[in-house]
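Residues per chain are reported as follows:
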Amino acid sequence: MSLGGVAMAQSTTGSIFGQAPAAAGETVTATNASGLTREVTVDSSGRFQINNVPVGTYTVSLKKSGAVVETRKVSLAPGAGTSVTFSAETTSLSAVTVSANALPAIDVSSVSSSTVITAADLQKLPIGRNAESIALLAPGTVKGSSFFGNAVAFGGSSVSENAYYVNGYNTGEPYKNLGGFALPYGAIDQQETLTGGYSAKYGRSDGGVINQIGKRGTNEWHFGAQAVWQPRFLEGTPVNNRYGNPAIPADVANPNSPDGLTHYQLEDPAKPGTLNQYRNDNKEWETVYSAYVGGPLIQDKLFMFLAAEKATTQSNNVESAANQKVQYNRDKHTKFYGKLDWNITDSNILELTALKNNQSTGAGSTYMFDNSTLKSGAYLNKNDISKDNAQFYLGHFTSYITDAATLSILYGKAHFQDPVVYGNQSPLPFISRPYNENPAFLPPGTGPNGIVNAQGNTTWTSPQASNSTHGLRVDFDYKLGDHDLAVGIDNMSYGAKHQGPDNQNPFNPALNYYWRYAAASPAYPNGRVQKRTIGWATSMTMTQKAYYLQDDWQVSSNVLLNIGVRNDHFTNYNDLGKAFVDEKNQWEPRIGASWDVNGDSSFKVYGNVGRYYLALPDNAAERAANRSTYLTQYFTYTGIDANGVPTGTVALAPPSSPDGEYGLPKDPQQVTARNLKPEYVDEFIVGFDKKLNDEWTYGAKAMWRDLKTAIDDECSPSQIATKMTSMGLDPGLYGNSLYGASYCRLINPGQTNTMLVKSDDGTSSVLVPMTQKDWGYINGVRRKIGSLNLYLEHPFDGKWMARLDYTWSRGFGNTEGQVRSDFGQGDVSKTEDWDSWQLMDGQDGELSNVRKHAIRFRGAYQITPEWLVSGTLLAQSGTPKECLGYYGPTGTGDPTGYNGGGSGNYHWCHGVRIPPGKAGHTPWTEQVNLGVHYAPAFADHKLGFNLDVINALDQQRPVQTDAAGESGFDGVNTVFVNNSYGDGIFWQPPRTVRLSVQYDY
């Protein structure tokens, strides 16, 4: 049997292939509900193949001399092939034979690691109503840190390394690529989640892919509506967050201390056991209304589908006890999806798609909150409202030039407006860590958490913030004998304006800083306060261009070989339109093989190897290539006014910047290694799928991923100066380049990076080759992840379905990837990693996005035609804990100057090196979701009532803990232990109950 069409990740099409009894005059036709018909000839060996047809349900018929002799109905998944076998007896029959639908055979045409969830599955399964919750059904996925919202990590990679598609167009969040824009839930026809192994046609991801395909109109009119209610009173009570009691370590030797020791004390000895955050009342209710309509505008020719969804959420947010505030929020999220399908001729199709997402979060008011009475107090101000408005317009033309040749052209454009409406118009500076305010300067009756004011912002986002994208891809596919050849281009362009934080208060332009209090110590008995000035709103652009060649070679009747190569070109530009990153000729070989062992789609052995390159997002220019400001300065003070602002301040030192961010312009040639290479991963997969019997399949897959090159910034000008001295150069003549606008430069850690350094007088420049040893790094970039997945599946047969997965994973290395989850650093490819060799000392350990054990289950049972029950389970082992503190065995080192911010940054705690995972792990989590669905017969099963319980066991274990073991140093001999060290900062959401009613006609 021919193995058929290619595996096409991020695809909107599939293929049908199979075997028919060899006879003269035979053809096979496939017709979908929109009247699209493709007809091919059965070859002399009885094989047939129909490629590149839109996903959906097809009627597949075998014809002999023009008469239909047998018919099947099959469903196509994106990027996959569906096998159809016609029996040998059909050619002798004089009447038409219609075969009942059978459970799908194993897809022997695909070598990708793909999980497809259909609209029918979504109606059954009790899961969150978003693309990320669907993606978490796929083995090898984990929810990323809640610092990054709902973003998902694939195969241990960071959450910014994924790709998101709707109807073939990239809908990833365009600035940092943290998440993506998705369809209204009811408009999803299929969602494909890819965790690896896709062909050369697609790239720009070394994590995974979320590929959604929207519904389309058919020759029958359909419409429906749904109302969803998630009531507050049925929600579990969120757990409160109380300060733990971290152990106070013993003194350690410190020859630089006046008494030869480093002493440790809690930042605030009164806090253990007290309330850090009153979360019991942080509940919400939600309502969702959605509707759709679809059908033919012209029978067999022109079709429409429209869907809209509006969600309203009302919630409380009692902030931390230090902030002493409560927010009452009202969020709105509206989605619209529209699609036109035009069968211009039998061989030419035009698809037009419009997608809109309008989101408004935070509307409401903020009040003071009394943590002693647990009651709200005085009104402060309206909340700031964040808006996220996105519009996508897509056109996709497909021409079936001949049975062997197909041309596909997709063009899309999108605009994203990200304004903030500031309800908080306070002209005052923000007060950070008010619990460290000196009580002697506070009026009687002030609580233990000090004085705050109405200001809730440390920085501001521009109301003009926006992004835009446009892209073109062209694919040409040609079947030549046993080869299916494809060639194409895949180009995207991005633009960002007014992005990043601004330090200027729009309601007090003279104010561009905030205050952060430090605890008292023997050296500073009255305490200190730090002024922080942070901001750099800016603009940038980038382009991503690629071309590919692909050959899917039917080596024999049951062996398919996929051979492809892709070439990517990434260019990032600064705010002046000058390129600071230009990475060309990134060759990505992809080779996959599928062996249909028995020749009947009952047993597949497959494997693939591939290289996957990752581009830098627009955000790379922020802080790296454009102007940026990050200043800190410590003061003593003699008083505190009624707004928490220090008075009588005396500077202890001039303002300083840990990374030389003084708001000065940066030379695009000097901020990037001249030989910079893009991040890439090599991936190896081997596995099998086998039918246990006519109802069950099982299989196993092993995967190995090795991060070969990464991009991050170093901030060690002294290391470059030392190398220049060894080259016989005087670093003093190049001081402006080394210590001027920015200390940080983008490099490939672990490789030899050629750095351009210009002289102060501008008359000369020098190239400085910096090896791993020159930087002082012990190791180069390391992220190695292996996994083994075992599964057992019973596809839905009209009565029940079930799938069980167990995944064992092991990951180790010294970098998570483009972001840092432990403290939520979203400066993509500009994390604290690699800023200095001391920051990397002790970094080698476990990885944040790897769970050693994961068990997944999803299932549904149709008790009667009216009643269905369903459930899902996701059980995972915990994440590695960390302890970040001051550097070195004395417990007080700060060679980079980062701990001047008041918290630990090094992988040392209390004078001991602590790699990730050495401090333990968060606990196992087991989330059980349950659903009950009733579709009464009196309404012809078109009316549905649903009850879904998410996290039915109301398990609320911490999924991330505070990694900062130390919170400050008085500069003499006292280090402060963070009161919150090891406490939860994110938990499993409490149990929620979702009630809904729907009608589908």
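Because the structure is a prediction, the values reported are computed rather than measured.

As for the overall build of the protein chain
Across its full length, the protein chain holds seven helices and 63 strands. Seen through its principal axes, the protein chain has C-alpha atoms that stretch 105 × 70 × 45 Å. The buried share of the protein chain, reckoned over its 1001 residues, is 59%. The long-range fraction of contacts in the protein chain, counting pairs at least 24 apart against all pairs at least 6 apart in sequence, stands at 72%. Accessible area for the protein chain stands at about 37,100 Å²; split by element, carbon and sulfur atoms hold 57% of it.

What about the sheet that holds strand β29 (residues 431-432)?
Here we have five strands laid out as an open sheet, ordered β29-β34-β35-β40-β43, and mixed in their pairing. With partners counted over all chains shown, the strands left at the sheet margins are β29 and β43 (650-651), one partner each. When strand β34 (residues 514-518) meets strand β35 (residues 528-535), the two strands line up antiparallel, connected through five bridges. Note on β35: the bridge partner recorded for Y517 is V529.

Concerning the pattern of salt bridges
For the structure shown, the criterion picks out 41 salt bridges. Salt-bridge contacts for R782 lead to D844; the nearest nitrogen and oxygen are separated by 3.1 Å. Here R782, found in the loop between α6 (772-775) and β50 (783-794), pairs with D844, found in the loop between α7 (837-840) and β52 (845-846); they are 62 residues apart in sequence, far enough to count as distant. Classification of D844 by relative accessible area gives partly exposed; the value is 25%. A single network of salt bridges, built from pairs that share partners, joins R204, R473, D475, D490, R566 and D568.

Let's talk about the pairing of strand β63 (residues 992-1000)
As paired strands, strand β16 (residues 222-230) and β63 are joined by six bridges and run antiparallel to one another. Across the sheet, the residue bridging to A225 is Y999, located in β63.

Considerations on a nonpolar patch on the surface
Taken together, the side chains of I401, F476, Y478, L480, L485, V487 and L549 make up a nonpolar region of the molecular surface, amounting to roughly 580 Å² of accessible area. Those elements that provide at least two residues to the nonpolar patch are β31 (466-480) and β32 (483-499). Structurally, the position occupied by L549 is in strand β36 (residues 538-556). Under the relative-accessibility criterion, L549 is labelled partly exposed at 46%.

Remarks on unusual backbone geometry
The backbone of S65 shows a phi angle near 55 degrees, a positive value even though the residue is not glycine. When its relative accessible area of 65% is taken as the criterion, S65 is described as exposed. Positive phi is not limited to glycine here, since D954 has a value of about 55 degrees. Topologically, D954 is positioned in the loop between β58 (943-950) and β59 (958-961). Using a relative accessible area of 23% as the deciding quantity, one classes D954 as partly exposed.

Quick word on the pairing of β34
Extensive coverage of β34 is indicated by the burial of five of its five residues. Alternating residues of β34 divide into Y514, R516 and A518 and W515 and Y517, and every residue in both groups is buried. Pairing analysis gives two bridges linking β29 to β34, with the strands arranged parallel. By the bridge assignment for β34, S432 is matched with R516.

Re the nonpolar core
Considering soluble globular proteins, one finds that nonpolar side chains tend to be buried as a cluster. In terms of nonpolar packing, the biggest core is built from 34 residues, with F580, I720, M724, L746, V757, V768 and W775 touching the most fellow members. Residues contacting W775, with those up to four places away along its chain left out, are E714, S716, Q719, I720, I747, N753, M755, M770 and W837. Formed by 26 residues, the second largest nonpolar core is a distinct cluster that contains I134, F305, M492 and Y494.

Observations regarding the confidence of the model for the protein chain
Taken over all residues, the pLDDT of the protein chain has a mean of 93, while the share at 70 or more is 97%. Low pLDDT (under 50) marks residues 1-9, which in the prediction has 56 contacts with non-local residues, meaning those over four places away or in another chain. pLDDT under 50 marks residues 90-102. Its contacts with residues more than four places away, or in other chains, come to 18 contacts.

Overview of the environment of P427
By the element assignment, P427 lies in the loop between β28 (420-421) and β29. With relative accessibility at 40%, the residue P427 sits in the partly exposed group. Setting aside its immediate chain neighbours within four residues, P427 contacts N505, F507, N508 and L511.

Things to note about the packing of aromatic side chains
Pairs of aromatic rings are described using the distance from one ring centre to the other and the angle between the two planes. Summed over the entire model, instances satisfying the criterion amount to 34 aromatic pairs. Taken together, a centroid distance of 5.9 Å and an interplanar angle of 55 degrees make the contact between F181 and F392 tilted. Residue F181 is found in the loop between β13 (169-170) and β14 (188-196), and its partner F392 is found in strand β26 (residues 385-400); the two are separated by 211 residues along the sequence. There is no split in this pair, since F181 and F392 are both buried. Between the aromatic rings of F441 and Y637, the centroid separation amounts to 5.6 Å while the plane-to-plane angle is 70 degrees, which identifies the pairing as edge-to-face.

Comments concerning the sheet that holds strand β9 (residues 113-118)
Strand order in the open sheet made by the five strands is β9-β14-β15-β12-β13, with mixed pairing throughout. Pairing within the sheet leaves two strands with one partner each, and these edge strands are β9 and β13.

Considerations on the state of the cysteines
On inspection of all chains with the given rule, the structure shows two disulfides. With its sulfur 2.0 Å from that of its partner, C715 forms a disulfide with C744. Taking the sign of the torsion about the S-S bond as the criterion, the disulfide between C715 and C744, at about 110 degrees, is right-handed. Of the two residues, C715 is situated in the loop between β46 (712-714) and α4 (717-726) and C744 in the loop between α5 (735-739) and β47 (745-747); the sequence distance between them amounts to 29 residues. In terms of burial, C715 and C744 fall into one category: buried.

Let's talk about α4
Where α4 is concerned, the buried positions are P717, Q719, I720, A721, K723 and M724. Note on α4: the residue one or two positions beyond its end, G728, has a positive phi of about 85 degrees.

Quick look at the environment of A519
With respect to the secondary-structure elements, A519 resides in the loop between β34 and β35. On the accessibility criterion, A519 (10% relative accessible area) is buried. A C-alpha to C-alpha distance of 61 Å links A519 and G224, two positions 295 residues apart in sequence.

Considerations on the environment of A187
Tracing the chain through its elements places A187 in the loop between β13 and β14. The spacing of A187 and A307 is 120 residues in sequence and 6.2 Å in space, taken between C-alpha atoms. Beyond its immediate chain neighbours, meaning those up to four positions away, A187 contacts I213, G214, K215, F305, A307 and Y337.

Digging into the side chain of T961
Checked against the element boundaries, T961 lands in strand β59. The class for T961 is buried, based on a relative accessible area of 10%. Excluding its chain neighbours within four sequence positions, the residues that come into contact with T961 are K881, T922, G982, D983, G984 and I985.

Conventions we followed
- Residues numbered from 1 in each chain as written.
- Predicted model: local features only at pLDDT ≥ 70, side-chain atom pairs only at ≥ 80, totals over all residues.
- Heavy atoms only, no water.
- Helix = DSSP H or I, 4+ residues; strand = E, 2+ residues; numbered from the N terminus.
- Buried < 20%, exposed > 50% of the residue type's maximum accessible area, 1.4 Å probe, protein only.
- Contact = heavy atoms within 4.5 Å.
- Areas by Shrake-Rupley, 256 points an atom, 1.4 Å probe, with all protein chains shown as cover.
- Pairing = 2+ DSSP bridges.
- Salt bridge = Lys/Arg side-chain N within 4 Å of Asp/Glu carboxyl O.
- Patch = residues over 30% accessible without salt bridge, like charges linked within 9 Å, V, L, I, M, F, W, Y side chains within 5 Å.
- Core = buried A, V, L, I, M, F, W, Y, C linked by side-chain atoms within 4.5 Å.
- pLDDT = per-residue confidence, 0-100.
- Phe/Tyr/Trp six-rings, centres within 6.5 Å; stacked < 30°, edge-to-face > 60°.
- Disulfide = S-S within 2.5 Å.

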